[in-house]
Amino acid sequence: MTAPSTFGLSTEARNLHWLLSNLVEEVPGVHSVTVVSSDGLMLLSSDPGHHSAKAAGTSDGPKGSSADLATIVAGIGSLTVGAAKLMDGGGVKQTMVAMDEGSVFVMSISDGSLLGVHAAPDCDMSVVAYHMALFVGRAGHVLTPELRSELRTSMESAQ
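Rules used throughout
- Residues numbered from 1 in each chain as written.
- Predicted model: local features only at pLDDT ≥ 70, side-chain atom pairs only at ≥ 80, totals over all residues.
- Heavy atoms only, no water.
- Helix = DSSP H or I, 4+ residues; strand = E, 2+ residues; numbered from the N terminus.
- Buried < 20%, exposed > 50% of the residue type's maximum accessible area, 1.4 Å probe, protein only.
- Contact = heavy atoms within 4.5 Å.
- Core = buried A, V, L, I, M, F, W, Y, C linked by side-chain atoms within 4.5 Å.
- Axes fitted to C-alpha atoms, helices over the stretch in contact; angles between N-to-C directions.
- Parallel < 35°, antiparallel > 145°, perpendicular 65-115°, else oblique.
- Nonpolar A, V, L, I, M, F, W, Y, C, P; charged D, E, K, R; others polar.
- Pairing = 2+ DSSP bridges.

- The name an unreviewed UniProt entry gives the chain is Roadblock/LC7 domain-containing protein, with Streptomyces durocortorensis as the organism.

Take a look at the structure:
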């Protein structure tokens with residue numbers, strides 16, 4: 001899968017691509033990032049192959065591709081929403097899964113869209129969560145149905 005080109009995209013779509021790239025490049029320990037729509041489709045993703053460790057033969061992100069991270073994020077999001085309903089817990093704001101070799105963070109954006117981050121096991125979780133909240137604050141109000149459709153089309157054409 002190739003990263004979608006930002007050429008020909010709206011200003012809002014280009015800004016979201018920039019925010020996502022900035023999250024990966026500026027936050028220590030973040031390997032890959034994805035935005036998933038409420039129906040589980042990947043709208044935006046970083047390129048896990050961008051890091052130098054990938055070139056050395058190791059994998060930074062989940063096995064396979066950004067699509068794998070999107071699938072994981074959609075599944076975690078669905079599971080936690082179901083758990084919250086069963087427990088009368090209200091809306092799910094954030095979920096974190098800590099593993100021996102990494103962490104996965106999932107945060108609600110708007111209308112059921114999700115931001116997912118795969119990070120190193122030694123990342124500063126509060127820094128990752130803070131930068132995710134910044135992304136959500138900046139992206140949430142512009143992630144309209146029209147923009148989601150544009151991003152979906154952009155991802156499909158890149159495949």
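1. Observations concerning the environment of Leu143
Then comes step 1: Within the secondary structure layout, Leu143 lies in the loop between helix H4 (125-139) and helix H5 (145-158).
Then comes step 2: Classification of Leu143 as buried rests on a relative accessible area of 4%.
Then comes step 3: Those residues in contact with Leu143, other than ones at most four positions away along the chain, are Leu16, Val35, Ile109, Ser110, Ser113, Arg148 and Leu151.

2. Some details on the nonpolar core
Then comes step 1: Counting 28 residues, the largest nonpolar core has Leu16, Val35, Leu115, Val117 and Phe135 as the members making the most contacts within it.
Then comes step 2: Elements that contribute at least two residues to this core include exactly helix H1 (11-26), strand E1 (30-36), strand E2 (42-45), strand E4 (102-108), strand E5 (114-119), H4 and H5.
Then comes step 3: For this core, the element with the most residues is H1, which contributes 6 residues.
Then comes step 4: Counting residues in each nonpolar core, the second largest holds 10 residues, with Val36, Val73, Val104 and Val106 among its members.

3. Comments concerning the packing of H1 against H4
Then comes step 1: As a packed pair, H1 and H4 sit with axes 11 Å apart at the nearest point and diverge in direction by 180°. Overall, the two elements H1 and H4 adopt an arrangement that is roughly antiparallel. Where H1 abuts H4, its residues Leu16, Leu19, Leu20 and Leu23 lie against His131, Met132, Phe135, Arg138 and Ala139.
Then comes step 2: Residues that form the contact of H1 with H4 fall into these classes: 7 nonpolar, 1 polar and 1 charged.

4. Description of the side chain of Ser45
Then comes step 1: For Ser45, the position within the fold is in strand E2.
Then comes step 2: On the basis of relative accessible area, Ser45 is assigned to the buried category, the value being 14%.
Then comes step 3: Other than its neighbours up to four places away in sequence, Ser45 contacts Leu20, Val33, Thr34, Ser66 and Met155.

5. Description of the sheet that holds E1
Adjacent strands of a sheet pair through backbone hydrogen bonds, lying either parallel or antiparallel.
Then comes step 1: Spatially, 5 strands are ordered E2-E1-E5-E4-E3 in an open sheet, and the strand pairing comes out antiparallel. The strands lining the two open edges of the sheet, one partner per strand, are E2 and strand E3 (94-99). Mean inter-strand twist for the sheet, computed between neighbouring axes without regard to direction, equals 15°.
Then comes step 2: The pairing of E1 with E5 spans 6 bridges and is antiparallel. Note that in E5 the partner of Val35 across the bridge is Leu115.
Then comes step 3: Against the sheet, H1 engages E1, E2 and E5, with an angle of about 150° to E1.
Then comes step 4: H4 contacts E1, E3, E4 and E5 of the sheet and is inclined by roughly 30° relative to E4.

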